[in-house]
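# Reading the structure
Residue strings, one per chain:
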Amino acid sequence: MSDANKRNLVYFENPSMRGLYECMEEWQQAAGQRLLSISIQHDRDNFCCIALTNPTEVVITSPDGHNHANVSRFGMLAVDPG
């Protein structure tokens, strides 16, 4: 798994809501990623946001994590035993 996909938590803060929006918009442009969900709270004199990014890769596994699904070059989905 690439390092870019290991962490999907981002934190922003700014004294104004407009400034917070601008920080988040600038981050999205620079990172080239979407935000999957956000939570904005007021903390003392700042607006703070904890956001989850949209993962770049999804791995389908069995509930126990031992079996992984793979897509073949022909687009077929197969399960590999762990």
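Structural notes, computed from the coordinates. The model shown is predicted, which means the values in this text are computed figures rather than measured ones. Counting of residues starts from 1 at the beginning of each chain's written sequence and follows it residue by residue. Owing to the predicted nature of the model, reporting of local features is limited to residues with pLDDT of at least 70; listing and counting of side-chain atom pairs is limited to 80 or more, with chain, interface and lining totals taken over all residues. Hydrogens and water are ignored here; the side-chain numbers use all heavy atoms of the structure.

Moving on, we come to the packing of aromatic side chains. For any pair of aromatic rings, the description consists of the separation of the ring centres together with the inter-plane angle of the planes. Each aromatic pair joins two rings of Phe, Tyr and Trp (for Trp, the six-membered one) with centres within 6.5 Å, and gets the label stacked for planes under 30 degrees apart, edge-to-face for over 60, and tilted for any other angle. With the rule as written, the count across this model stands at one aromatic pair. Seen in terms of ring centroids, Phe-12 and Trp-27 are 6.0 Å apart; in terms of plane orientation they differ by 80 degrees. Their pairing is edge-to-face. Here Phe-12 is found in strand S1 (residues 9-14), whereas its partner Trp-27 is found in helix H1 (residues 17-31), with 15 residues between them in sequence. Each residue gets one of three labels from its accessible area relative to the maximum for its type: buried under 20%, exposed over 50%, partly exposed in between, using a 1.4 Å probe on protein chains only. Residue classification places Phe-12 among the buried residues on the basis of a relative accessible area of 7%. Helical segments are the DSSP runs of H or I of at least four residues, strand segments are the runs of E of at least two, and each set is numbered from the N terminus.

This paragraph deals with the pairing of strand S2 (residues 35-43). Should DSSP find at least two bridges between two strands, the strands are regarded as paired. Examined bridge by bridge, S2 and strand S3 (residues 46-53) share eight bridges and lie antiparallel to one another. Its bridge partner being in S3, Asp-43 is matched across the sheet by Asn-46. Linking two consecutive strands that pair antiparallel, namely S2 and S3, is a turn of two residues; a positive phi of about 55 degrees is found at Arg-44 within it.

In this structure, Val-10, Phe-12, Leu-20, Met-24, Leu-35, Cys-49 and Ala-51 together form the largest nonpolar core, which totals seven residues. Secondary structure elements with two or more residues in this core: S1, H1 and S3. Pairs of residues are marked as contacts when any of their non-hydrogen atoms sit within 4.5 Å. In this structure Leu-35 touches Phe-12, Met-24, Trp-27, Gln-28, Ala-51, Leu-52 and Thr-53, once residues within four positions along its chain are discounted. Buried Ala, Val, Leu, Ile, Met, Phe, Trp, Tyr and Cys residues form a nonpolar core when they are joined through side-chain atoms within 4.5 Å.

Attention now goes to a nonpolar patch on the surface. Patch membership is restricted to residues that have no salt bridge and whose relative accessible area is over 30%. Joining uses 9 Å for like charges and 5 Å for the nonpolar side chains Val, Leu, Ile, Met, Phe, Trp and Tyr. To be clear on the numbers: accessible area is Shrake-Rupley with a 1.4 Å probe, and residue cover counts the displayed protein chains and nothing else. For salt bridges, the criterion is a side-chain nitrogen of Lys or Arg within 4 Å of an Asp or Glu carboxyl oxygen. A contiguous nonpolar surface patch, about 510 Å² in accessible area, is contributed by Leu-9, Tyr-11, Leu-36, Ile-50 and Leu-52. Broken down by secondary-structure element, the contributors of at least two residues to the nonpolar patch are S1 and S3. For Leu-52, the position within the fold is in strand S3.

Another point: the pairing of S3. Strand direction decides the pairing type here: S1 and S3, joined by six bridges, are antiparallel. Paired with Glu-13 across the strands is Cys-48, a residue of S3.

The next point concerns the sheet that holds S2. Taken in spatial order, the three strands of this open sheet run S1-S3-S2, and their pairing is antiparallel. Strands with a single pairing partner mark the edges of an open sheet, and in this sheet they are S1 and S2. Put simply, the sheet's adjacent strands are angled 20 degrees from each other on average, direction ignored. Packing of H1 onto the sheet brings it into contact with S1, S2 and S3, and relative to S1 it is tilted by some 145 degrees. Angles run from 0 to 180 degrees between N-to-C directions of axes, and those axes are lines fitted to C-alpha atoms, restricted for helices to the stretch in contact.

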